[in-house]
Amino acid sequence: MQLELLESLFDKTCKTKNYTYTYGTAGFRDKAAVLDTVMFTTGIIASLRSMSHQGKAVGVMITASHNPPMDNGVKIIEPDGSMLSQSWESLATNLANITANENFLKSIEFIKNLIISLNIDSNIIPSIVVGMDSRESSPRLMNCLLSTLSPIFNAKIINHNMLTTPQLHFLTAYQNENCNIIPAEKITVNQYDTNFQTAFNDLLKLYEIKNFNNCFNNLIVDCANGIGAPQFENFIKGLPQSNLIKFINNNYKHPDTLNNSCGADFVKTQQKLPAGVNDDPSLLTDSNLYCSFDGDADRIIFYYIDQTNKFHLLDGDKIATLFAKFLKKLLLLANLNDIKLGIVQTAYANGSSTTYVSNTLNVPVSCTKTGVKHLHHEAQTAYDIGIYFEANGHGTILFSNNFYSKVQSCLEITKDESITKACKTLLAFSKVINQTVGDAIADLLGVVATLLISEMKPYQWDQQYTDLPNLLSKVIVPDRNVFKTTDQERKLTSPPGLQNKMDTLINKIEMGRAFVRASGTEDAVRIYCEGKNAEDVKKLSKDIEALIMAEVN
Ligand SMILES: CC(=O)N[C@H]1[C@@H](OP(=O)(O)O)O[C@H](CO)[C@@H](O)[C@@H]1O
Ligand SMILES: [Mg+2]
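Residues numbered from 1 in each chain as written. Chains lettered and ligands numbered in written order. Predicted model: local features only at pLDDT ≥ 70, side-chain atom pairs only at ≥ 80, totals over all residues. Heavy atoms only, no water.

Chemist: Lay out the overall build of the protein with the relevant residues and their values.
Modeler: When you go through the protein residue by residue, the secondary structure sums to 19 helices and 20 strands. Taken over C-alpha atoms, the radius of gyration comes to 24 Å for the protein, in line with the 24 Å a tight globule of 553 residues would show. With respect to the principal axes defined by its C-alpha atoms, the protein has extents near 65 × 60 × 50 Å. Of all 553 residues assigned to the protein, the portion counted as buried reaches 60%. For the protein, restricting intrachain contacts to residue pairs at least 6 apart in sequence, the fraction spanning at least 24 positions comes to 71%. Of the accessible surface of the protein, which amounts to about 22200 Å², a share of 49% is contributed by carbon and sulfur atoms. Positive and negative side-chain charges of the protein, numbering 50 and 57 respectively, have mean locations separated by a distance of 2 Å. (Helix = DSSP H or I, 4+ residues; strand = E, 2+ residues; numbered from the N terminus. Rg over C-alpha atoms; globule rule 2.2 N^0.38 Å. Buried < 20%, exposed > 50% of the residue type's maximum accessible area, 1.4 Å probe, protein only. Contact = heavy atoms within 4.5 Å. Areas by Shrake-Rupley, 256 points an atom, 1.4 Å probe, with all protein chains shown as cover. Lys, Arg positive; Asp, Glu negative; His and termini not counted. Charge placed at Lys NZ, Arg CZ, Asp CG, Glu CD.)

Chemist: How would you summarise the packing of helix α8 (residues 189–206) against helix α9 (residues 228–235) if you had to cite specific residues and measurements?
Modeler: Following both chains from N to C, one finds α8 and α9 inclined at 55 degrees, their axes separated by 10 Å at the closest point. Taken together, the axis directions place α8 and α9 in an arrangement best described as oblique. Handedness of the α8/α9 crossing: right-handed. Counted together, Val189, Tyr192, Asp193, Phe196 and Gln197 of α8 and Gln231, Asn234 and Phe235 of α9 form the full contact between these two elements. Residue composition of the contact of α8 with α9, by class: 4 nonpolar, 3 polar and 1 charged. (Axes fitted to C-alpha atoms, helices over the stretch in contact; angles between N-to-C directions. Parallel < 35°, antiparallel > 145°, perpendicular 65-115°, else oblique. Left-handed = near helix turned anticlockwise from the far one by under 90°. Nonpolar A, V, L, I, M, F, W, Y, C, P; charged D, E, K, R; others polar.)

Chemist: Please set out the nonpolar core residue by residue, giving values where relevant.
Modeler: Ranked by size, the top nonpolar core spans 93 residues in total, and within it Phe293, Ile387 and Leu444 carry the most contacts. Here this core gets 11 residues from one element, more than from any other, and that element is helix α16 (residues 440–454). If you look at the next biggest cluster of nonpolar residues, it comprises 49 residues, including Ile44, Val60, Ala92 and Ile120. (Core = buried A, V, L, I, M, F, W, Y, C linked by side-chain atoms within 4.5 Å.)

Chemist: Run through the UniProt feature "domain: Alpha-D-phosphohexomutase C-terminal" (unreviewed entry) in the protein, naming residues and quoting values.
Modeler: Taken from the UniProt record, the annotation "domain: Alpha-D-phosphohexomutase C-terminal" (unreviewed entry) applies to residues 504–545. The span residues 504–545 is 38% helical and 29% strand by assignment, and the distance between its end C-alpha atoms comes to 14 Å. (UniProt positions renumbered as here; feature names shortened; annotations may be inferred.)

Chemist: Which residues make up the UniProt feature "domain: Alpha-D-phosphohexomutase alpha/beta/alpha" (unreviewed entry) in the protein, and what values go with them?
Modeler: As annotated in UniProt, the feature "domain: Alpha-D-phosphohexomutase alpha/beta/alpha" (unreviewed entry) corresponds to residues 52–89 in the numbering used here. End-to-end, the C-alpha atoms of residues 52–89 are 15 Å apart, and along that stretch the chain is 13% helix and 34% strand.

Chemist: Account for the state of the cysteines, naming residues and giving values.
Modeler: All told, the structure shown has 0 disulfides when counted by the stated rule. Among the cysteines around Cys423, which has no disulfide bond, Cys410 carries the closest sulfur, lying 3.5 Å off. (Disulfide = S-S within 2.5 Å.)

Chemist: Can you tell me about the site of ligand 1, naming the residues and giving the values?
Modeler: Among the 16 residues in the neighbourhood of ligand 1, the closest are listed as Thr25, Glu390, Ser519, Gly520 and Thr521. Between an oxygen atom of ligand 1 and a main-chain N or O atom of Gly520, the distance comes to 2.7 Å. With the chains in place, 96% of the 440 Å² that ligand 1 exposes on its own is no longer accessible. When the residues that make up the shell around ligand 1 are grouped by side-chain class, the tally is 2 nonpolar, 9 polar and 5 charged. (Near = heavy atom within 4 Å. Polar contact = N/O pair within 3.5 Å; in protein donor to acceptor, adjacent residues only side chain to side chain.)

Structure follows, in structure tokens:
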């Protein structure tokens, strides 16, 4: 390990100094112009992480998801495909800030100490799997990321170039799981495609479904002008009825259009159709199902329009309840009552969805802090089938070992046809889902399969419960770090006194609920409000915004 090369390698690719990086909700995110240094140090941290896992492959994805085109970011993926262990977040942040603000001897000292304290064998060769989204800055930042890997660590690098975040999560895990049978350099996105195409086709075969028109005429996919466009366009070549899928906002070769008036975040926060749908009147009918990916295709939300052209959102909460109802029915059919099914949400989940899950579906529901890493952890530890979704469409389902062994043994002993079919469906469905992370493509397959098997149209799916009117907005403040929260981010502890003032306003409106927290991905403070009446919600949101502005100015 040639750590003395650090400074000369840095000077070749990076220039940002005297800058403080923070680790946000999903890794480092900032203006692309200042990210060179943190990319450089992330390559080092990823190598050390791989070495601490005996050289197993660790993934690094360059993306800023739903953020505007001039932003970018980076996240590290654990060998099993999950997000970087939280105990390493501060190590990654410290190395970035030492390198940006002190001399290189300090960075080298930090790395050496880390190797000693974590008992890392420095003879181990790290293995790194990298990918990036379609942003203009991504290739330059990739260069910074890769710059230390060969000269310092002699690392094995698999570069998948442009692909979606969940594809990289899946392929990182896949490479580790198959390291004895498939050489790493033979692993491409084709393995991802084949895996999920086969899973989806196998599930539909169980029900002999050949025609999708019982549920929708066309599926309109808004790709946010991001990397999801080429990846999903290629993917659908292996699907039946792919002629029913129409693309909008698939202009990924023009990165300046990324997330611009389109994509999951736009549609969810604006609660309206994205750009591009109105350009072609033939796309606008009440018999279509619509969906939007975000910029790196790890989120998806659905929507439809009714006969009066009114827009109806089917967000992450609706996806979670659709899956919960479907899976619970299968568990009941198979008498698998000891498999624990539950839903994990954040405070942004619509209050109606939480009531519906607890009171109508009779399914347990947990609430965690914002950020997939928190939901994922809860789903994994609390349930055998842990369905987790953020309201914005970021989520997946985790199936435990207990789930697989119970379903498998039920399948082996039963002679009952309907129990057999329910068990086979559960197993096949679990393969359609990307269990490493939320995945727009895999979640889309899961939703379409559920609708087809349940013979449900979008408006019938929507009938599960009615969303309470709600509003998500953001305000820019001089220092968002003064906003500190407790109770899974539902209550402010700082600035002092602000929560009490908010409570007085919230208590005035019927079924009022609101909270404020600092964003972990943008330089802003988010305000969420809901209540029985849309006008009250609007007013509450404005009043809270005014409180915040009075507090910080
Ligand atoms: C309200 C909201 O949608 N917050 C998003 C957003 O986080 P913030 O910390 O709120 O900026 O980006 C995260 C990463 O994509 C996502 O996990 C999260 O749900
Ligand atoms: Mg994303």
